[in-house]
Amino acid sequence: MSLIKPAVLTAAFLLGMLVCEVAWADPATDEYAKLPVCTLNADGTKLAVEPCRTAPAQKPMPRRPVPQTIERMPQAQRAQPMAIPAVPPSPSLPSLSAPSRAAVPTTSCDAAGCYGANGVRYNNVGKGVMAPSGKVCTRAGGAIQC
């Protein structure tokens, strides 16, 4: 099988394009090209000559005038710094380690002990429960008293 050179293929392609253009030439298009370019009469109310053809496009095409509106960005206001509330004084260590003598209701219990409503864990020891301070307390129903 012989290979055809690219130059021969290009020439054949161009020749085929030329033949197709001649065969498909439209006589109406040629007649349209012979018409004068459309213009208005002196009054500007109708065409000066009819029939006419539209004017060819200008090169380079003129740009359409569009009004340009540039608005300023609004000035951003800086946020005022927030006032930080004062920290309440922390309770002293002895008041935390020594629970009050009043009964504390329990919130939840498991096999190892109970949590009091004050958030303290009371662990089961022997017949009672032990507070975090190591003091043995008694459990009566849903309350613990130390």
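This write-up is about the structure you can find in this document. (Residues numbered from 1 in each chain as written. Predicted model: local features only at pLDDT ≥ 70, side-chain atom pairs only at ≥ 80, totals over all residues. Heavy atoms only, no water.)

Here we look at the overall build of the protein
On a plain count of helices and strands, the protein comes out with three helices and six strands. The linear arrangement of helices and strands in the protein, starting from the amino end, is α-α-α-β-β-β-β-β-β. Counting across all 146 residues of the protein, residues that qualify as buried make up 8%. Nonlocal contacts in the protein, meaning residues at least 24 apart in sequence, comprise 21% of its contacts between residues at least 6 apart. Accessible surface for the protein amounts to roughly 13300 Å². Of this, 63% is attributable to carbon and sulfur atoms. (Helix = DSSP H or I, 4+ residues; strand = E, 2+ residues; numbered from the N terminus. Buried < 20%, exposed > 50% of the residue type's maximum accessible area, 1.4 Å probe, protein only. Contact = heavy atoms within 4.5 Å. Areas by Shrake-Rupley, 256 points an atom, 1.4 Å probe, with all protein chains shown as cover.)

Thoughts on the environment of Leu-47
Position of Leu-47 among the secondary structure elements: in the loop between α2 (27-34) and α3 (93-97). Aside from chain neighbours lying at most four places away, what touches Leu-47 is Cys-38, Thr-39, Leu-40, Asn-41 and Cys-52.

Some details on unusual backbone geometry
In this structure, the amide linkage connecting Glu-50 to the following residue, Pro-51, adopts the cis form with an omega of -10 degrees. Tracing the backbone through its elements, the reader meets Pro-51 in the loop between α2 and α3.

Section: the nonpolar core
Formed by Val-104, Cys-114, Tyr-122, Val-129, Ala-131, Cys-137, Ile-144 and Cys-146, the largest nonpolar core amounts to eight residues. Those residues in contact with Val-129 that lie beyond four places of it in its chain are Tyr-122, Asn-123, Asn-124, Lys-135, Val-136, Cys-137, Arg-139 and Ile-144. (Core = buried A, V, L, I, M, F, W, Y, C linked by side-chain atoms within 4.5 Å.)

Overview of the sheet that holds strand β4 (residues 128-130)
As summarised here, the arrangement of the six strands in space is β1-β2-β3-β4-β5-β6, forming a closed barrel in which the pairing is antiparallel. Direction aside, the axes of adjacent strands within the sheet are offset by 45 degrees on average. Both strand β1 (residues 104-110) and strand β2 (residues 113-116) contribute to a ladder of four bridges, which runs antiparallel. Pairing of Thr-106 across the sheet is with Gly-116, part of β2. (Pairing = 2+ DSSP bridges. Axes fitted to C-alpha atoms, helices over the stretch in contact; angles between N-to-C directions.)

Brief notes about the state of the cysteines
Counted by the stated rule, this structure contains three disulfides. In this model, Cys-109 is linked to Cys-114 through a disulfide, with the two sulfur atoms separated by 2.0 Å. Residues Cys-109 and Cys-114 are joined by a disulfide whose S-S torsion is about 110 degrees; by sign, that bridge is right-handed. Residue pairing for Cys-137: its cysteine sulfur links by disulfide to Cys-146, the two sulfurs lying 1.8 Å apart. Sign of the S-S torsion, about 95 degrees for the bond between Cys-137 and Cys-146, identifies this disulfide as right-handed. In this pair, the class of Cys-137 matches that of Cys-146, namely buried. Each bonded cysteine of the protein is numbered by sequence order, and under that numbering the disulfide pairs are 1-2, 3-4, 5-6. (Disulfide = S-S within 2.5 Å.)

As for the pairing of β1
Relative to strand β6 (residues 143-145), β1 is paired through two bridges, and the arrangement is antiparallel. Across the sheet, the residue bridging to Pro-105 is Ala-143, located in β6. Following β1, the chain reverses through two residues before pairing antiparallel with β2.

Notes on the pairing of strand β5 (residues 136-140)
The two faces of the sheet receive side chains in turn, since in a regular strand these alternate between them. Sheet analysis places β4 next to β5, joined by two bridges and oriented antiparallel. Note that in β5 the partner of Met-130 across the bridge is Val-136. Linking two consecutive strands that pair antiparallel, namely β4 and β5, is a turn of five residues; a positive phi of about 100 degrees is found at Gly-134 within it. Pairing analysis gives three bridges linking β5 to β6, with the strands arranged antiparallel.

Fair warning: the whole summary comes from geometry, so function is off the table for now.
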